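Architecture at a glance
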Amino acid sequence: MAKDYSKYFTTPSIKDARKRKTKETLTIDYNDYYNIKGFGKNKTYRIETFGCQANEADTEKISGILEQLEFTESKTLEHADLILLNTCAVRENAENRVFGELGRLKQFKKNNPDLILGVCGCMPQEEKVTNRILKKFQYVDLVFGTHNIYKLPQYLETVILSKERVIEVFSEEGNIVENMPRIRENTKKAWVNIMFGCDEFCTYCIVPYTRGKERSRLPEHVKEEVKELILEGYQEITLLGQNVNSYGNDFTDIDYKFSDLLTDLHEMDIARIRFTTSHPKDFNLETVKILSKGGNLMPYIHLPVQSGSNEVLKRMNRKYTKESYLELVRNIYKYIPTASLTTDIIVGFPGETEEQFQETLDLVKECKFEGAYTFIYSKREGTPAEHYEDNVTMEEKKQHLYKLNKIVNDGYLRGTKRFEGKIVKVLVDGFSKNNDAILAGYTENNKLVNFSGDASLIGTFVEVKVTTAKTWFMLGEQVG
Ligand code: SAH
Ligand code: SF4
Ligand code: F3S
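Each residue is numbered by its place in its chain's sequence as written, counting from 1. Naming scheme: in the order in which they are written, chains are lettered from A and ligands are numbered from 1. Two thresholds apply to this predicted model, a pLDDT of at least 70 for residue-level local features and 80 or more for giving and counting side-chain atom pairs, whereas whole-chain, interface and lining totals are computed over all residues. Remark: hydrogens and water are excluded; side-chain values derive from all non-hydrogen atoms of the structure.

Describing the overall build of the protein chain
Helix and strand counts for the protein chain come out as 13 helices and 22 strands. Both definitions apply: the radius of gyration is a C-alpha atom measure, and the globule rule equals 2.2 Å times residues to the power 0.38. Expected size for 480 residues packed as a compact globule is a radius of gyration near 23 Å; at 23 Å, the protein chain falls within 12% of this value. Its C-alpha atoms give the protein chain principal-axis dimensions of about 60 × 55 × 50 Å. Residues classed as buried in the protein chain amount to 55% of the 480 residues present. We call two residues in contact whenever any of their non-hydrogen atoms come within 4.5 Å of each other. Counting only contacts in the protein chain whose residues sit at least 6 apart along the sequence, the fraction spanning at least 24 positions is 76%. Working note: accessible area of the protein chain is about 21300 Å², and carbon and sulfur atoms make up 48% of it. Here Asp and Glu are counted as negative and Lys and Arg as positive; His is not counted, and neither are the chain ends. For charged residues, the charge sits on one atom: NZ in Lys, CZ in Arg, CG in Asp, CD in Glu. Charged side chains in the protein chain number 67 positive and 71 negative. The centres of these two groups are separated by 3 Å. Numbering goes from the N terminus for both helices and strands, where a helix is a DSSP run of H or I of at least four residues and a strand is a run of E of at least two. Only protein chains enter the accessibility calculation, which uses a 1.4 Å probe; a residue is then buried when its area is under 20% of its type maximum, exposed when over 50%, and partly exposed in between. For the area figures, the Shrake-Rupley method with a 1.4 Å probe applies, and any residue is considered shielded solely by the protein chains shown.

A word on the site of ligand 3
Nearness is defined per residue: one heavy atom within 4 Å of the molecule or strand is enough. If you check the shell around ligand 3, you find Gly51, Cys52, Asn55, Cys88, Ala89, Val90, Cys122, Val207, Arg211 and Gln242 and nothing else. Here the nonpolar group is Ala, Val, Leu, Ile, Met, Phe, Trp, Tyr, Cys and Pro; Asp, Glu, Lys and Arg are the charged ones; every other residue, Gly included, is treated as polar. Its residues assigned to classes, the shell around ligand 3 shows 6 nonpolar, 3 polar and 1 charged.

Observations concerning the packing of helix α2 (residues 53–68) against helix α5 (residues 152–161)
Packed helix pairs are specified by the crossing angle of their axes together with the interaxial distance, meaning the distance between the axes. All axes here are fitted lines through C-alpha atoms, helices being fitted over the stretch that makes contact, and every angle between N-to-C directions spans 0 to 180 degrees. With their axes 10 Å apart at the nearest point, α2 and α5 run at an angle of 55° to one another. Between α2 and α5, the angle is such that the two are oblique. Seen along the crossing, α2 lies across α5 with a hand that is right-handed. Two secondary-structure elements touch here, α2 through Ile62, Ile65 and Leu66 and α5 through Leu152, Pro153 and Leu156. Tallied by class, the residues present in the contact of α2 with α5 amount to 6 nonpolar, no polar and no charged. Oblique is the label for any angle not under 35 degrees, not over 145, and not in the 65 to 115 range, which are roughly parallel, roughly antiparallel and roughly perpendicular in turn. In a left-handed crossing the near helix is turned counterclockwise from the far helix by less than a right angle, and in a right-handed crossing that turn is clockwise.

Structural notes on the pattern of salt bridges
What makes a salt bridge here is a side-chain nitrogen of Lys or Arg within 4 Å of a carboxyl oxygen of Asp or Glu, nothing more. One pass over the full model with this rule turns up 33 salt bridges. A single network of salt bridges, built from pairs that share partners, joins Glu60, Glu178, Arg182, Arg184, Arg217 and Glu225.

Overview of unusual backbone geometry
Cis peptide bonds are those with omega within 30 degrees of zero, and the linkage from Thr276 to Thr277 qualifies with 5°. Residue Asn317 is not a glycine yet carries a positive backbone phi of 65°. Residue position: Asn317 is located in the loop between α10 (310–315) and α11 (322–335). Since its relative accessible area comes to 26%, Asn317 is described here as partly exposed. The phi dihedral of Lys368 falls on the positive side, at around 50°, and the residue is not glycine. Structurally, Lys368 can be placed in the loop between α12 (354–367) and β17 (372–376). Of the residues examined, Lys368 reaches a relative accessible area of 46% and is grouped as partly exposed.

Considerations on a negative patch on the surface
A contiguous patch of negative charge on the surface is contributed by Glu354, Glu355, Glu395 and Glu396. Elements supplying a minimum of two residues to the negative patch: α12 and α13 (394–417). Mapping Glu395 onto the fold places it in helix α13. Within the patch definition used here, like charges are joined within 9 Å and nonpolar side chains (Val, Leu, Ile, Met, Phe, Trp, Tyr) within 5 Å, considering only residues with over 30% relative accessible area and no salt bridge.

Topic: the sheet that holds strand β16 (residues 340–347)
Paired strands, in this sense, are two strands between which DSSP finds at least two bridges. Spatial strand order, β15-β16-β17: 3 strands in an open sheet with parallel pairing. The open sheet is flanked by β15 (300–302) and β17, the only strands paired with a single partner. Each strand axis lies, on average, 10° off the axis of its neighbour in the sheet, ignoring direction. As judged from the 5 bridges shared by β16 and β17, these two strands associate in the parallel manner. By the bridge assignment for β17, Val347 is matched with Ile376. On the sheet, α13 packs against β16 and β17 and is oriented at approximately 175° with respect to β17.

Limitation: the analysis is restricted to geometry and does not speak to function.
Structural data, given as structure tokens:
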């Protein structure tokens, strides 16, 4: 039997999600929740994360809130009292995985009626998803979106104490929420949000609707967080935003851009700085020049191109051309000769012709990418491309993906081969997945290296001589 709806019942609307509202910074004081602190005592939680780095960073905030309420993490789903699915809406297969998991969890609910099951993240931001959950997955107790994570204590209070169902998804939201507690996944590498949302509206993409207006965190808040991370012994930070190169464009009373932030962070005592994701249209020469200073600014840039055809780029609303992209790449290699570049590519965008696909292959070769995430276009409800005529068959799209991946894989190998015989600096993450005697870590260029060594090296920097380059990783030996 479905539970009653509580005082919280707000469903999303794609129409409202198109609106952009003025930015506000909310600073949450979790002491406000003193009355319900402790109600997670003797209860465990488990969060399954399906999405990108922004989604992973959100999971860390949700864990932070739950642990403030004194929930503890369960190592398994089976034993958890609270299960949250932190979802991704970017492609249909990501969504199908979540619906599959929800189906599987129905049995868990049957076995344990006290289990609290929640869905959050990007999928609930879609009208059709929340409606489907309301209709078909009535055993879900809690649904919230990307804008109201900070309200989780109130929601849980309602679900647990009043035994009511909570559905609250805000569509139109321009807030930045500071001061959320956080349990970070890693003790040496940290995500640092520098901005939220996206205003690009690439015609295929759902993110501007699920994440709201683009809004930058104040530089002092970002720098304060990095200072704290340094004190806690973190070695590497990754600055997060859907388009980090437009950082600061929304500031009205200060003139402070991504290049300024990099300049300031470059002076700070953090060993490694990475960032993702870059948008080619906003990646200016000034930023390239600052990155060329090296030091803690890592020579690795993820620069999604999506397509090598001007016609397709135009219909994708990417706002750059093949020529301007190639010029940016040339500048990156000119100023940062050791740089590794990776990209994202969509094949089978509606109406993409054989010639246009060929242009993408040519561009991939020319850019000497050392890796790429490649996707078959997935239609997203509510986006402009949903209505574009698509006469490319799935068979053709799959063939294109296969052809593209072959070239991309050559790039991966070229990217590791160039380090054969060289000494690289590795931040050791831990033991390799398949072998407890072998350590694994990443180089400055973001290449995975395996080498033998003992546990005391975990979390430290080690100089490793690369002996063998494979497509997806390198093997090496510790030197010195
Ligand atoms: N903001 C980032 C990444 C967003 S999503 C950027 O602009 O690069 C990550 C990648 O998913 C995108 O770069 C794109 O290649 C892919 N993607 C987004 N929407 C998609 C869709 N509808 N179908 C297939 N791939 C998609
Ligand atoms: Fe999506 Fe484009 Fe924004 Fe990236 S920049 S999140 S692809 S709309
Ligand atoms: Fe997915 Fe949302 Fe990230 S749709 S890619 S989890 S911003």
